Amino acid sequence: MLNSEITPELLKTIAILETLETLLEEAPTAEVETILQESWIKISETFPEDFQEATREDAGAEGLRRYIRVKAFFENPVENPIRAEDLEAYYRNRAPIDEDSAEFLFPE
């Protein structure tokens, strides 16, 4: 499943984003939450362009992992089968984002 774009560093970075997401849920103050959100955004900006786009469509570490599975499936469906639920979620999350409810991705 790993192609040249999906490096061990990229997978580790996704794990870091997941940790930040967990910390965001536990942020004791709005200031700490803002710092964590800014960190999440800056880290996600280090991804290749298609991963950045996937983040906008399905924000979060799980969405990026799903994107990796779907990307691998389309590159070689025989060797990289996926669950129908993953494919359905992938396409569902490609719908336009409601910017009011996606404030996290569009900080002012």
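In short, a report on the structure. The structure presented is a predicted model; accordingly, all values stated were derived computationally and were not measured.

Regarding the pattern of salt bridges
Turning to step 1, where the next piece is worked out: Evaluation of the coordinates by the stated rule reveals six salt bridges.
Turning to step 2, where the next piece is worked out: Across the pair Glu88 and Arg92 runs a salt bridge, and its minimum N-O distance is 3.4 Å. Note that Glu88 and Arg92 are positioned in helix H5 (residues 84-92) at a spacing of four residues, about one turn of the helix.
Turning to step 3, where the next piece is worked out: A cluster of three or more residues bridged by salt bridges with shared partners is formed by Glu62, Arg69, Arg83 and Asp86.

What about helix H4 (residues 61-75)?
Turning to step 1, where the next piece is worked out: For H4, spanning 15 residues, the distance from its first C-alpha to its last is 21 Å, which sits close to the expected 21 Å at 1.5 Å a residue.
Turning to step 2, where the next piece is worked out: If you check which residues of H4 are buried, you get Ala61, Gly63, Leu64, Arg66, Tyr67, Ile68, Val70, Lys71 and Ala72.
Turning to step 3, where the next piece is worked out: Its buried side turned inward, H4 meets helix H1 (8-26), helix H3 (49-57) and H5.

Description of the packing of aromatic side chains
Turning to step 1, where the next piece is worked out: Taken as a whole, this structure holds five aromatic pairs when the rule is applied.
Turning to step 2, where the next piece is worked out: Taken together, the aromatic side chains of Phe47, Phe51, Tyr67, Tyr90 and Tyr91 make up a single cluster linked through ring pairs.

Focus: the nonpolar core
Turning to step 1, where the next piece is worked out: Judged by nonpolar contacts, the single largest core of 18 residues is most densely connected at Ile14, Leu17, Phe47, Phe51 and Leu64.
Turning to step 2, where the next piece is worked out: Those elements that provide at least two residues to this core are H1, helix H2 (30-44), H3 and H4.
Turning to step 3, where the next piece is worked out: Ignoring sequence-local partners within four residues, the contact set of Leu64 consists of Ile14, Leu17, Phe47, Phe51, Ala54, Thr55 and Asp58.

Thoughts on the side chain of Ser44
Turning to step 1, where the next piece is worked out: Relative to the helices and strands, Ser44 resides in helix H2.
Turning to step 2, where the next piece is worked out: Using a relative accessible area of 8% as the deciding quantity, one classes Ser44 as buried.
Turning to step 3, where the next piece is worked out: At a separation of 2.9 Å, a polar atom in the side chain of Ser44 contacts the main-chain carbonyl oxygen of Ile41.
Turning to step 4, where the next piece is worked out: With sequence-adjacent residues up to four places away left out, Ser44 is seen in contact with Leu17, Gln52 and Thr55.

Quick notes on the rules
Residues numbered from 1 in each chain as written. Predicted model: local features only at pLDDT ≥ 70, side-chain atom pairs only at ≥ 80, totals over all residues. Heavy atoms only, no water. Salt bridge = Lys/Arg side-chain N within 4 Å of Asp/Glu carboxyl O. Helix = DSSP H or I, 4+ residues; strand = E, 2+ residues; numbered from the N terminus. Expected span 1.5 Å × (residues − 1). Buried < 20%, exposed > 50% of the residue type's maximum accessible area, 1.4 Å probe, protein only. Contact = heavy atoms within 4.5 Å. Phe/Tyr/Trp six-rings, centres within 6.5 Å; stacked < 30°, edge-to-face > 60°. Core = buried A, V, L, I, M, F, W, Y, C linked by side-chain atoms within 4.5 Å. Polar contact = N/O pair within 3.5 Å; in protein donor to acceptor, adjacent residues only side chain to side chain.

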